[in-house]
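A structural walkthrough
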Amino acid sequence: MKRIPGRFLFICPTMLLLAGCVISAPVSQMQPNVPNGGRAEAIAGDPSNANNIIVASESGGLFKSTNHGANWTQVSGSITFWFTDVAYLPSNTNVIIATANADTRVVSGGGIWRSTNGGTSWRQPPISPPTSDCSNNFAAFALAAETGRDRVWAGTLCGLAYSDDQGATWQFLPVVTGYNNDTVYAVLAPATDRLVIITDAGMKISTDGGSTWAPPGSGLPPYYLIRIGAHSQIAAAPINPDHLYWAFNYWYYNSATPGWEN
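Residues numbered from 1 in each chain as written. Predicted model: local features only at pLDDT ≥ 70, side-chain atom pairs only at ≥ 80, totals over all residues. Heavy atoms only, no water.

This brings us to the sheet that holds strand β12 (residues 159-163). Reading across from one edge, β10-β11-β12-β13 is the order of the 4 strands in this open sheet, with antiparallel pairing throughout. The open sheet has two edge strands with one neighbour each: β10 (140-145) and β13 (171-172). (Pairing = 2+ DSSP bridges. Helix = DSSP H or I, 4+ residues; strand = E, 2+ residues; numbered from the N terminus.)

Another aspect to go through is the environment of R105. Take R105: it is sitting in the loop between β8 (92-100) and β9 (111-115). The class for R105 is partly exposed, based on a relative accessible area of 26%. Measuring from C-alpha to C-alpha, the distance between R105 and T80 comes to 9.1 Å, with 25 residues separating the pair along the chain. (Buried < 20%, exposed > 50% of the residue type's maximum accessible area, 1.4 Å probe, protein only.)

Another point: the pattern of salt bridges. Within the structure shown, the criterion is met by 5 salt bridges. Of the charged contacts, one joins E58 and R39 as a salt bridge, the two residues approaching to 2.8 Å between their closest N and O atoms. In this pair, E58 sits in the loop between β4 (53-57) and β5 (62-65) while R39 sits in the loop between α1 (14-19) and β3 (40-45), placing the two residues 19 residues apart along the sequence. A relative accessible area of 19% places E58 in the buried class. (Salt bridge = Lys/Arg side-chain N within 4 Å of Asp/Glu carboxyl O.)

As summarised here, the arrangement of the 3 strands in space is β7-β8-β9, forming an open sheet in which the pairing is antiparallel. Among the strands making up the open sheet, the edge pair consists of β7 (83-89) and β9. If you compare each strand with its neighbour and ignore which way they point, the axes differ by 20° on average. Looking at chain direction, β8 and β9 are connected through 5 bridges and run antiparallel. If you follow I96 over to β9, its bridge partner there is S115. (Axes fitted to C-alpha atoms, helices over the stretch in contact; angles between N-to-C directions.)

Attention now goes to unusual backbone geometry. The phi dihedral of Q166 is positive, around 60°, even though this residue is not glycine. Position of Q166 relative to the elements: it lies in the loop between β12 and β13. One non-glycine residue, N181, lies in positive phi territory at about 55°. Along the chain, N181 turns up in the loop between β13 and β14 (184-191). According to the relative accessible area criterion, N181 is buried, its value standing at 16%.

This paragraph deals with the side chain of T93. Tracing the backbone through its elements, the reader meets T93 in strand β8. Among residues more than four places away in sequence, those in contact with T93 are D46, P47, S48 and Y88. (Contact = heavy atoms within 4.5 Å.)

Okay, the environment of W113 next. Assignment of secondary structure puts W113 in strand β9. Owing to a relative accessible area of 8%, W113 belongs among the buried residues under this scheme. Residues W113 and A140 lie 27 residues apart in sequence; the distance between their C-alpha atoms is 9.7 Å.

Right under this line is the structure:
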């Protein structure tokens with residue numbers, strides 16, 4: 001018997017298959033009171049209360065501490081398990097937004113989740129992916145809250161989405177030159193209308209809220225050599241939003257021992 005999240009898979013022995021093997025068992029959801037949550041994907045602190053911290057884990061859901069990290073409680077229950085990012089909204093810290101990868105369910109729990117009571121309960125806000133191939137296995141990977149206005153951005157499987165009502169509803173940016181609903185693994189909004197995203201097609205920058213996009217200038221390896229994925233990260237210096245940092249893996253040609261290396 002093999003166990004996968006939320007399901008059981010039974011493999012019949014060969015001899016029983018010859019005779020006819022019928023095995024059934026009720027499908028039950030994993031209990032949410034797991035002691036550990038697997039690898040931590042993201043962490044967010046409450047801007048209004050330093051005691052409140054929430055962590056998104058790769059295999060156990062969302063965990064919250066109300067005493068500065070001394071104790072932790074799993075707060076997402078069984079809604080899904082593969083969370084990728086989490087953020088408090090600066091304008092209303094009772095609202096927490098989380099993103100999740102697609103899971104193994106028929107109706108995927110991946111995408112965007114929202115809590116309006118500090119993480120006690122969660123629901124998925126309505127969202128319509130711009131391409132039909134995203135609908136069944138929708139996923140989201142990154143969040144960024146603008147500091148100049150009450151807007152939050154989410155990087156998803158099929159492009160960049162934003163909300164102007166604290167995450168209650170979402171809409172996707174339209175396709176324009178340089179932007180084509182590529183998967184967005186990381187998003188940064190260092191200033192109003194300024195966006196930096198990491199996509200399957202490399203890093204893209206917009207200075208007009210997503211109306212136009214351009215690749216970065218010099219200093220980075222070609223995008224086709226960069227290994228972009230859910231663990232790529234981007235950040236701006238606190239005192240200079242023009243100073244950006246990007247963490248990634250990339251391929252290079254090693255002339256000492258000819259061949260491509262990562």
